[in-house]
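What the coordinates show
Listed below are the residues making up each chain.
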Amino acid sequence: MAAPRDGLGAVETEGNGGRSESSGAEVVLSSDPATPAPLCPHGPTLLFVKVSQGREGTRRFYACSACRDRKDCNFFQWEDEKLSGARLAAREAYNRRCQPPLSRTQCVERYLKFIELPLSQRKFCQRCQQLLLPDDWEKHGEHQVVGDVSLTQLKRPSRLLYPLENKKTNAQYLFADRSCQFLVDLLSTLGFRRVLCVGTPRLHELIRLKASGDKKSNIKSLLLDIDFRYSQFYMEDSFCHYNMFNHHFFDGKAALEVCRTFLQEDKGEGVIMVTDPPFGGLVEPLAVTFKKLIAMWKEGQSQDNSHKELPIFWIFPYFFESRICQFFPSFCMLDYQVDYDNHALYKHGKTGRKQSPVRIFTNIPPNKIILPIEEGYRFCPLCQRYVSLENQHCEHCNSCTSKDGRKWNHCFFCKKCVKPSWIHCSICNHCALPDHSCEGPKDGCFVCGELDHKRSTCPNISTSKKVNKAVRKKKQRKSNKMKMETTKGQSMNHTSVTRKKERRETAHQYLCS
């Protein structure tokens with residue numbers, strides 16, 4: 001699922017079992033806060049450094065935080081690049097042109113006018129993905145327009161809008177009703193009164209529907225999403241146009257204050273954050289953003305509650321477990337398989353390797369979370385948590401070890417349980433697929449190849465930099481020498497050609513005389 005950043009290499013490829021061998025890029029999270037990142041249409045950019053096996057790029061660069069394909073956002077700037085005033089002005093003008101055509105206030109005004117229209121005049125343009133007021137009808141006359149838009153349809157905008165399925169940019173896969181209903185019921189059972197929905201529009205809809213139809217339900221919801229189209233369906237206190245990869249509120253301080261107020265209401269009690277980022281997204285910037293939201297929530301806490309954590313459901317593929325737990329050690333992964341309506345593979349009822357790999361990571365104790373028995377989950381009395389039916393308890397590991405819903409086998413050489421399709425390789429000294437390549441580790445550190453750390457924390461990185469610098473100098477000297485030889489050869493060839501031309505002209509004059 002984690003498609004690589006186009007032109008930057010494989011930044012997150014744990015779903016394939018390792019990194020790209022050729023090249024990659026890593027996010028630099030420790031950039032100088034005194035130097036603000038340049039802006040692209042999606043807010044502040046991220047700082048990257050190119051790396052390859054054993055080598056590090058000499059220059060760092062800024063690129064878009066949200067779009068991993070430069071066809072969607074072609075922003076690129078070297079960290080040390082100085083731009084002229086003209087280029088900066090052109091960039092600012094371009095960023096303004098890329099913003100939504102209507103401001104947040106205008107969207108709210110149009111929405112209030114729209115719901116006052118009689119049913120026969122409520123129209124939605126499918127081509128422009130826009131609610132139409134009577135003044136707009138002539139302009140959209142030749143477009144495909146849906147009429148008689150009911151108030152019920154307005155409460156489910158994810159069914160009116162086309163999903164943005166470019167997985168290199170938006171990856172807007174929407175929860176299936178089964179998974180969405182499970183989450184709403186679970187949140188209610190756990191006693192939460194407010195839900196911060198970060199990139200979960202369908203969950204936001206269902207929470208609001210339940211609150212409007214059930215007087216006993218007192219759950220409120222705030223949606224933060226990068227899809228600005230939702231602006232036309234919600235008031236300011238229900239939706240914020242937001243980029244979760246750089247913690248950017250497109251509508252400025254007003255939107256940020258809406259989020260802050262929501263998190264700190266009732267001194268921060270009874271709130272949970274539920275997030276479903278694009279699966280190809282980078283874990284590092286997401287973790288940084290979520291920690292900023294946690295810090296915003298903690299501002300409203302008293303000193304006595306400083307030890308408390310903001311409850312979180314992070315919905316992501318299971319093969320990112322180690323990366324997520326690296327940033328949030330208190331998180332654990334639930335066995336519940338999250339399904340999606342508009343995804344060809346991640347649907348309920350599939351078995352074996354075709355099951356959905358998407359799970360819920362949370363800092364809520366798993367013994368408090370009841371998974372539906374009718375969907376094939378059972379309670380393990382030894383682990384004190386609900387697990388999938390085929391996730392058998394291993395007496396050697398003393399836990400239910402399966403991650404993907406299948407029964408895993410214990411390897412006594414590796415001293416852990418592994419996938420049923422894996423076998424122990426005596427050459428690699430660990431379990432892997434039968435047709436794997438025994439060329440050494442492809443995961444872990446780019447510099448030394450060790451699996452227990454990344455390049456940024458490698459103890460050999462200073463030595464690697466010195467070696468790479470010497471190699472680059474040697475290559476530069478060789479390149480300069482080749483250029484000089486090429487120039488010299490071209491000069492000699494030019495002299496030879498000139499002499500031949502002079503001899504031909506002399507011979508021609510002689511023959512014609």
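These figures come from a predicted structure and were not determined experimentally.

Let us now look at the overall build of the chain. The helix and strand inventory of the chain stands at 10 helices and 25 strands. Within the chain, buried positions represent 44% of all 513 residues. In the chain, the share of contacts with a sequence separation of at least 24, taken over all contacts with a separation of at least 6, comes to 59%. By element, 53% of the accessible surface of the chain is carried by carbon and sulfur atoms, the whole surface being about 27800 Å².

Our focus in this paragraph is the nonpolar core. Nonpolar side chains tend to gather and get buried jointly when the protein is soluble and globular. Counting residues in each nonpolar core, the largest one holds 81 residues, and the members touching the most others are Leu196, Phe313 and Trp314. The greatest single-element share of this core, amounting to 8 residues, is contributed by helix 8 (residues 283–298). Residues Val28, Cys40, Ala66 and Cys73 belong to the second largest nonpolar core, which totals 11 residues.

When the pLDDT values of the chain are averaged, the result is 83; 74% of them are 70 or greater. When the criterion is pLDDT under 50, residues 1–22 qualifies, and its contacts beyond four places in sequence or with other chains add up to 72 contacts. Of the regions scoring below 50 in pLDDT, residues 507–513 engages in 0 contacts with residues more than four places distant in sequence or in other chains.

So, about the packing of helix 7 (residues 252–264) against helix 8. One can describe the packing of helix 7 onto helix 8 by two numbers: an axis separation of 8 Å at closest approach and a directional angle of 60°. Comparing their axes, helix 8 and helix 7 come out oblique. The crossing of helix 7 and helix 8 is right-handed. Contacts between helix 7 and helix 8 involve Leu256, Cys259, Arg260, Leu263 and Gln264 on the former and, on the latter, Leu293, Met296 and Trp297.

The next subject is the sheet that holds strand 9 (residues 145–146). With respect to topology, 3 strands assemble into an open sheet ordered 8-7-9, the strand pairing being antiparallel. Two strands lie at the open edges of the sheet, namely strand 8 (130–132) and strand 9, each paired on one side alone. Judged from the 2 bridges that link them, strand 7 (residues 123–125) and strand 9 form a sheet pairing that is antiparallel. Bridge pairing in strand 9 places Cys125 opposite Val145. Running over the sheet, helix 2 (residues 104–116) touches strand 7 and strand 8 and is turned about 50° from strand 8.

For the rest of this paragraph, the subject is the side chain of Gln232. By the element assignment, Gln232 lies in the loop between strand 11 (220–225) and strand 12 (239–243). Within the local environment of Gln232, its side chain forms a polar contact with the backbone nitrogen of Leu131, the two atoms lying 2.9 Å apart. Setting aside residues up to four positions removed in sequence, Gln232 forms contacts with Cys107, Tyr111, Gln129, Gln130, Leu131 and Leu161.

Take the packing of aromatic side chains next. Inspection of every chain in the model, using the stated rule, returns 20 aromatic pairs. Residues Phe76 and Trp78 carry aromatic rings whose centres are separated by 5.0 Å and whose planes lie at 85° to one another, so their mutual orientation is edge-to-face. For Phe76, a relative accessible area of 29% gives the class partly exposed. Using a relative accessible area of 29% as the deciding quantity, one classes Trp78 as partly exposed. Taking the centre distance of 5.6 Å and the plane angle of 40° together, the rings of Phe175 and Tyr340 count as tilted.

Bringing the sheet that holds strand 14 (residues 271–275) into the picture now. Reading across from one edge, 13-12-11-10-14-15-17-16 is the order of the 8 strands in this open sheet, with mixed pairing throughout. The two strands at the open ends of the sheet, each matched to only one other strand, are strand 13 (248–249) and strand 16 (332–333). Taken together, the 2 bridges between strand 12 and strand 13 define a ladder with antiparallel strand orientation. Within strand 13, the position partnered with Asn243 by the bridge is His248. Contacts from helix 5 (residues 177–189) reach strand 10 (194–198), strand 14, strand 15 (312–317) and strand 17 (358–362) within the one sheet, and its direction differs from that of strand 15 by about 155°.

For any two helices packed against each other, one specifies the crossing angle of their axes together with the interaxial distance. Where helix 5 meets helix 6 (residues 201–213), the closest approach of the two axes is 10 Å, and the angle between their N-to-C directions is 55°. Our classification of the angle between helix 5 and helix 6 gives oblique. The element helix 5 and its partner helix 6 pack so that their crossing is right-handed. Contact residues: Asp177, Cys180, Gln181, Leu183, Val184, Asp185, Leu187 and Ser188 in helix 5; Arg202, Leu203, Leu206, Ile207 and Lys210 in helix 6. By residue class, the composition of the contact of helix 5 with helix 6 is 7 nonpolar, 2 polar and 4 charged.

This part is about the pairing of strand 14. Across the 5 residues of strand 14, 5 count as buried, placing the element largely inside the fold. Where burial is concerned, the two faces of strand 14 agree: the one with Val271, Met273 and Thr275 and the one with Ile272 and Val274 are both buried. Bridge count for strand 10 against strand 14 is 5 bridges, and the pairing is parallel. Note on strand 14: the bridge partner recorded for Val195 is Ile272. Where strand 14 meets strand 15, 3 bridges bridge the pair, whose relative direction is parallel. Pairing of Met273 across the sheet is with Ile312, part of strand 15.

For the rest of this paragraph, the subject is the pairing of strand 18 (residues 377–380). Note: strand 18 against strand 19 (residues 385–388), 4 bridges, orientation antiparallel. Counterpart to Arg378 in the pairing with strand 19 is Val387. Taking the residues between adjacent antiparallel strands as the criterion, strand 18 and strand 19 are bridged by 4 residues, where Gln384 takes a positive phi near 60°.

As a further point, take the environment of Glu309. Secondary-structure assignment places Glu309 in the loop between helix 8 and strand 15. Separated by 11 residues in sequence, Glu309 and Lys298 place their C-alpha atoms 8.4 Å apart. The residues contacting Glu309, other than those within four sequence positions of it, are Trp297, Ser330 and Asn363. Looking at Glu309, its side chain comes within polar contact range of the side chain of Ser330, at 3.0 Å.

Conventions used here
- Residues numbered from 1 in each chain as written.
- Predicted model: local features only at pLDDT ≥ 70, side-chain atom pairs only at ≥ 80, totals over all residues.
- Heavy atoms only, no water.
- Helix = DSSP H or I, 4+ residues; strand = E, 2+ residues; numbered from the N terminus.
- Buried < 20%, exposed > 50% of the residue type's maximum accessible area, 1.4 Å probe, protein only.
- Contact = heavy atoms within 4.5 Å.
- Areas by Shrake-Rupley, 256 points an atom, 1.4 Å probe, with all protein chains shown as cover.
- Core = buried A, V, L, I, M, F, W, Y, C linked by side-chain atoms within 4.5 Å.
- pLDDT = per-residue confidence, 0-100.
- Axes fitted to C-alpha atoms, helices over the stretch in contact; angles between N-to-C directions.
- Parallel < 35°, antiparallel > 145°, perpendicular 65-115°, else oblique.
- Left-handed = near helix turned anticlockwise from the far one by under 90°.
- Pairing = 2+ DSSP bridges.
- Polar contact = N/O pair within 3.5 Å; in protein donor to acceptor, adjacent residues only side chain to side chain.
- Phe/Tyr/Trp six-rings, centres within 6.5 Å; stacked < 30°, edge-to-face > 60°.
- Nonpolar A, V, L, I, M, F, W, Y, C, P; charged D, E, K, R; others polar.

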